[in-house]
Amino acid sequence: MCLGKATCYSCMNHLISVPRAYAPVLSCVTLLLCGFSENTWELEEFLVFLKSDRVARMVHSGGCSASDFRDVFKKNIEKRVRSLPEIDGLSKETVLSSWLAKYDAIYRGEEDLCKQPNRMALSAVSELILSKEQLYEMFQQILGIKKLEHQLIYNACQLDNGDEQAAQIRRELDGRLQLAEQMARERKFPKFVTREMENMYIEELRSSVNLLMANLESLPVSKGGPEFKLQKLKRSQNSAFLDIGDENEVQLSKSDVVLSFTLEIVIMEVQGLKSVAPNRIVYCTMEVEGGEKLQTDQAEASRPQWGTQGDFTTTHPRPVVKVKLFTESTGVLALEDKELGRVVLYPTSNSPKSPDLHKMIVPKNSQDSDLKIKLAVRMDKPPHMKHSLKCNSVIMKSFLFQVSQYTFAMCSYREKKSEPQELMQLEGYTVDYTAPHTGLQGGRMFFNAVKEGDTVIFASDDEQDRILWVQAMYRATGQSYKPVPASQAQKMNLKGGNANTDISPLYTDRGQKHGMDEFISANPCKFDHASLFRLLQRQTLDHRLNDSYSCLGWFSPGQVFVLDEYCARYGVRGCHRHLCYLDELIEYSENGSVIDPTLLHYSFAFCASHVHGNRPDGIGTVSVEEKERFEEIKDRLSSLLENQISHFRYCFPFGRPEGALKATLSLLERVLMKDIATPIPAEEVKKVVRKCLEKAALINYTRLTEYAKIEETMNQATPARKLEEVLHLAELCIEVLQQNEEHHSEAFAWWPELLAEHAEKFLSLYSVDMDSALEAQPQDSWDSFPLFQLLNNALRNDTLLCNGKFHKHLQEIFVPMVVRYIDLMESSIAQSIHRGLEQESWQPVKSITNSLPNVALPKVPSLPLNLPQIPNFTTPTWMTSLYDSTNGSATSEDLFWKLDALQMFVFDLHWPEPEFAHHLEQRLKLMATDMIEACVKRTRIAFELKLQKTNKSTDFRIPSYLCTMFNVLVDAKKQTAKLCILDGGQEQQYHSKIDDLIDETVKEIISLLVSKVVSVLEGVLSKLSRYDEGTFFSSLVSFTVKAAAKYVDVPKPGMDLADTYIMFVRQNQDILREKVNEEMYIEKLFDQWYSNSMKVICMWLADRLDVQLHIYQLKTLIKIVKKTYRDFRLQGVMEGTLNSKTYDTVHSRLTVEEATVSVTDAGGLQGITMKDSDEEEG
């Protein structure tokens, strides 16, 4: 079928501008239509959905996904499949699954034109849990940051250094506490609703920072690393501010910083071994002093190579490793193997990890003076040890350890000792570079740590070591001041830079070159993070709404994670966050984007509970700005929701997004509440919704008339054109109401009467155009009845709209038209009976009543009321094409057709008001009774007149017009059962009267017809009477025959009279059987015909009891009686009627007469006898 493809292309043209993400859907629909073009009925409603301009707008606004298309397709197919009959061996679930599989296969691109390699949907990426790199990439796009700029910031801020990031968080939290302390001192608070909230605000700031500190403190120092067995401490850089005194601080003991180190010793080979024979066996041992000893495999002295690894665990930060070379002793009395050499090593975590040659210490007088061993010692640095470069001070050789996120310590260890010799906690210290100190030994580059006037000086061997130490201690102390080497500080001062920066020196110049130094050196605590977050959230939402995923305003998990972290880290208040979110969502929604009302509900409920004092996030302070912004957003949101409800057909087309309209109504109820705890009266919500639906009715009808272009047509069109446009507009209105019921009634389930009022308002607007078009119609024009049927059929099945305002108005308009139409039809039918029967030729026609469902109702001519007569209705020219069997006359068929059509017309109106509907039915039934009665009476009169004009000889054949009249009565009998029966009382009695009339008329017609055919028999018998004995004609015939017989061979009288009568009977029987349609009436007629015939013969014979029948009379009667008996038996006359007493009397008389003749003149009967014989010719 070309229809499916044409419809498909129209869909594609309609949605040609749909975003590229929906191209697979269009391709899918194309292939479904082309592939299933023979079954486009399954896709009809789906096509309506696709071709809707409302759906196209929703797709453009991001509110419709491919899943929505599939759901709509599934519902339409499921509705159709469920309505189909059951098929043996094929379940409906299988059929439904087949359709959906076809849809999915085409959409995925696995068939036909859509065949493409498998691909992952772009929208799916944003919905996954993203890595840090993917989040960086996403927010580079959101914020418009170039890759180079990101890399500069990333490297300068050391974002890949976990220790630096933890230190930065500690500095930021300390900065927030200092700002809070400054605010408390200077009394510079935001303006709150009540003054008591100022102190609460400070406590909230403290609590939020303490919570972050506790969270940071609870984190392990490094994932997977060994943890200190140290009780958890609550540490901060400003203990006094947090009311944590020195007496609460827990000092570290030397046993608290005992670490575990892992060593790997790999012995490769020994070089310079000369003191033993080449075939001697040698091996090595290795040990960490204070631990176990391990041994390598044995090797020959000519090739001392092993590659053996030994693993050790020790708690000594400065362990001693001993490796010895042995050879097996050959002496009988030797107890131990001979040591050939040894080496002692002092590894650290910074020692080289690669294998190296070490000179071994050999015994005195050994020949192996140049004995060396190649080995590697690897010592892993525990996660808690942050720095272990060689560092000297006036008091200790130091190692830097991290006990927890807020606890660091400098320790010095002796060799082979697990506990530190001395320990210094870095809490409260400030580290910085210092100038060289003369007179101090142990290093050339100096730096110090200062705490409350106490100074500890450190020294390292070179500048790079000093920078690394200072950076490590800077992260550990958590100080806000970033130490800068003197050389770097001079360069920055020359360039006008800020020496107090947190910049990696390696990237300083590069950042300045690209203009990024300002951002890199920025102090996060000095920014207005509320404004920055609003900008960040706006750009993130803009990015989200423009990606390929139909998000309806919801952020992706990765975006939510980043925004949550920003709020927590920089103290963005939850109410501010959600107010900004609501503001953005409302703005997007006002501009046409589809936003999930549930999302609006969540944010609004959070802000409402905050403003009204329910504190969902534990914050009890409410600023004046928050309250004012909330009231402003509340008003905007209320206006938005009312507008969406007023435009529900366009904001939520076909009920999409699913459940959105219901959620909108729920949100409106929440917005209308005065506070979060007091529910709003149901009547107030109902009042607002009623107002919105009244607007919706006007909006829907206005857009519908614009779509149908009804205004242009109604102003200039002809009456017929106006009616056609109003009929088309009615179809569109009904479609709108049906869609409202199907897709939106569930959302308005709380107020079904409001949806009914909306429909009444909508229809009242339509009634204006309808009334205008109907007023323009000419008088007595019946073309508007289809409009009533269309509207009435839609309204009468709706429990809320049936007999509503519009429905009653519709009835008021059409009641006079229906009554006028029936009046004209009644006059026309009565006149057609009168004129038709006067001019009736009574030629048989064929019935059309069985084809009435396909026949249009005849139009009553438009007639002025002052006309004296109404034209009769003649049989339509198309009647002959519907003939199926010989039946009544043209007038009767026209009558029955008109009565049936008129009743069917009124029935199809399905008049909703019961009383008037009963009145119409009663009137039509009584009218049909009167019309049929008139037809029957006139037919009876015409039958008698026509019958009187026929002859009484055996040449008489029942004319077809008499059969037609008979059939008219037969049809009248049948039609009364359908046209005249009305249950109850008087009407039932009235119907019984017409039945009795028809039955009586049929009896009379049968009697007339039987009398006619019996009169022919009487004529035959009259002819036979001439042969009676003693009559002049009988004597003359006998004398003439006897005299002539002397001279010539005179033929005997023949059977022409009997044969003629028998032929008459048989042919008339065939005519009746062929042309009369009612078997019961034919049987009655034949019964009466046979009985009356036998009576006439019996009476004729009774008149001649004393006279012997003439031979000719006897032969004729025998043949007539026998053939009559046999013919009527063949026609179905019952045995009881055939073998009646009259027949027995006739049979006995003729048998006696036959016996008498056989004695006197045996050959006179010529073989004719009353005995039954099958050999007798017909």
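Residues numbered from 1 in each chain as written. Predicted model: local features only at pLDDT ≥ 70, side-chain atom pairs only at ≥ 80, totals over all residues. Heavy atoms only, no water.

If you check an unreviewed UniProt entry, the chain appears there as Calcium dependent secretion activator 2 from Cyanistes caeruleus.

Right, let's talk about the overall build of the chain for a bit. Scanning the chain from N- to C-terminus turns up 38 helices and 17 strands. The burial tally for the chain puts 48% of its 1178 residues in the buried class. Excluding contacts between residues fewer than 6 apart, the proportion of contacts in the chain whose partners are at least 24 apart in sequence is 71%. Surface accessibility of the chain: about 59,500 Å² in total, with carbon and sulfur atoms responsible for 52%. (Helix = DSSP H or I, 4+ residues; strand = E, 2+ residues; numbered from the N terminus. Buried < 20%, exposed > 50% of the residue type's maximum accessible area, 1.4 Å probe, protein only. Contact = heavy atoms within 4.5 Å. Areas by Shrake-Rupley, 256 points an atom, 1.4 Å probe, with all protein chains shown as cover.)

This part is about the pairing of strand S16 (residues 445-451). Of all 7 residues that make up S16, 5 are buried, and the element is covered over most of its length. In terms of strand pairing, strand S15 (residues 430-433) meets S16 through 4 bridges, oriented antiparallel. When the sheet's bridge partners are listed, Thr 430 is paired in S16 with Val 450. Across 7 bridges, S16 lies against strand S17 (residues 454-460) in antiparallel orientation. Residue pairing across strands places Asn 448 opposite Ile 457, the latter belonging to S17. As consecutive antiparallel partners, S16 and S17 are separated by 2 residues, and within that stretch Glu 452 has a phi angle of approximately 50°, a positive value. (Pairing = 2+ DSSP bridges.)

What follows deals with the nonpolar core. Nonpolar side chains in soluble globular proteins tend to be buried together. With 128 residues, the main nonpolar core has Tyr 766, Ile 932, Trp 1089, Ile 1097 and Leu 1150 as its most contacted residues. If you tally residues by element for this core, the top one is helix H32 (residues 985-1024), at 15 residues. Sequence-distant contacts of Leu 1150, defined by excluding residues within four places in its chain, comprise Leu 1101, Leu 1109, Leu 1114, Leu 1117, Ile 1118, Val 1121 and Met 1170. Judged by nonpolar contacts, the second largest core, of 58 residues, contains Tyr 566, Leu 582, Ile 645 and Phe 652. (Core = buried A, V, L, I, M, F, W, Y, C linked by side-chain atoms within 4.5 Å.)

For helix H22 (residues 660-672), with 13 residues, the first-to-last C-alpha span of 18 Å sits near the 18 Å given by 1.5 Å per residue. Regarding H22, the residues found buried are Ala 660, Leu 661, Ala 663, Thr 664, Leu 665, Leu 667, Leu 668, Val 671 and Leu 672. In this structure, the buried side of H22 is in contact with helix H19 (597-611), helix H20 (624-646), helix H21 (648-651), helix H23 (682-708) and helix H25 (719-744). (Expected span 1.5 Å × (residues − 1).)

In this section: the pattern of salt bridges. As enumerated under the stated definition, the model contains 39 salt bridges in all. For Lys 973, the salt bridge is made with Asp 999, and the minimal N-O distance between the two is 3.1 Å. On the criterion of sequence distance, the pair formed by Lys 973 in helix H31 (residues 960-979) and Asp 999 in helix H32 is long-range, its members being 26 residues apart. Among the residues examined, Lys 973 registers a relative accessible area of 26% and is labelled partly exposed. (Salt bridge = Lys/Arg side-chain N within 4 Å of Asp/Glu carboxyl O.)

So, about the sheet that holds strand S9 (residues 372-379). Across the sheet, which stays open at both edges, the 4 strands sit in the order S5-S1-S9-S8 with antiparallel pairing between neighbours. Both edges of this open sheet fall to strand S5 (305-314) and strand S8 (356-359), since each of them pairs with a single strand only. The mean angle between the axes of side-by-side strands here comes to 30°, regardless of whether they run parallel or antiparallel. With 8 bridges connecting them, strand S1 (residues 261-271) and S9 associate as antiparallel partners. (Axes fitted to C-alpha atoms, helices over the stretch in contact; angles between N-to-C directions.)

Aromatic ring pairs are defined here through the distance separating the ring centres and the angle between the ring planes. Under the counting rule described, the total for this entry stands at 32 aromatic pairs. An angle of 45° between the planes, with centres 6.4 Å apart, marks the rings of Phe 956 and Phe 1064 as tilted. Of this pair, Phe 956 sits in the loop between helix H30 (914-948) and H31 while Phe 1064 sits in helix H34 (residues 1056-1075), and the two are 108 residues apart along the sequence. The two residues Phe 956 and Phe 1064 agree in class, both being buried. Clustering of aromatic rings is evident, with ring pairs tying together Trp 782, Phe 785, Phe 788, Phe 814, Tyr 821, Phe 905, Trp 911 and Phe 916. Above the ring of Tyr 961, the side-chain terminus of Lys 946 is found at 5.4 Å from the ring centroid. (Phe/Tyr/Trp six-rings, centres within 6.5 Å; stacked < 30°, edge-to-face > 60°. Lys NZ or Arg CZ within 6 Å of the ring centre and 35° of its normal.)

Moving on: the packing of helix H35 (residues 1079-1102) against helix H38 (residues 1141-1160). At a minimum axis distance of 9 Å, the contact between H35 and H38 shows a crossing angle of 40°. Taken as axis vectors, H35 and H38 run oblique relative to one another. Crossing handedness for the pair H35 and H38: left-handed. Facing Tyr 1090, Met 1094, Lys 1095, Ile 1097, Cys 1098 and Leu 1101 of H35, the residues of H38 in contact are Thr 1142, Tyr 1143, Thr 1145, Val 1146, Arg 1149 and Leu 1150. (Parallel < 35°, antiparallel > 145°, perpendicular 65-115°, else oblique. Left-handed = near helix turned anticlockwise from the far one by under 90°.)

Here we take up the pairing of S5. Only one face of S5 is buried, namely the one carrying Trp 306, Thr 308, Gly 310, Phe 312 and Thr 314, since none of Gln 305, Gly 307, Gln 309, Asp 311 and Thr 313 on the opposite face is buried. Summarising the sheet, S1 and S5 pair through 8 bridges and their orientation is antiparallel. By the bridge assignment for S5, Phe 261 is matched with Thr 314.

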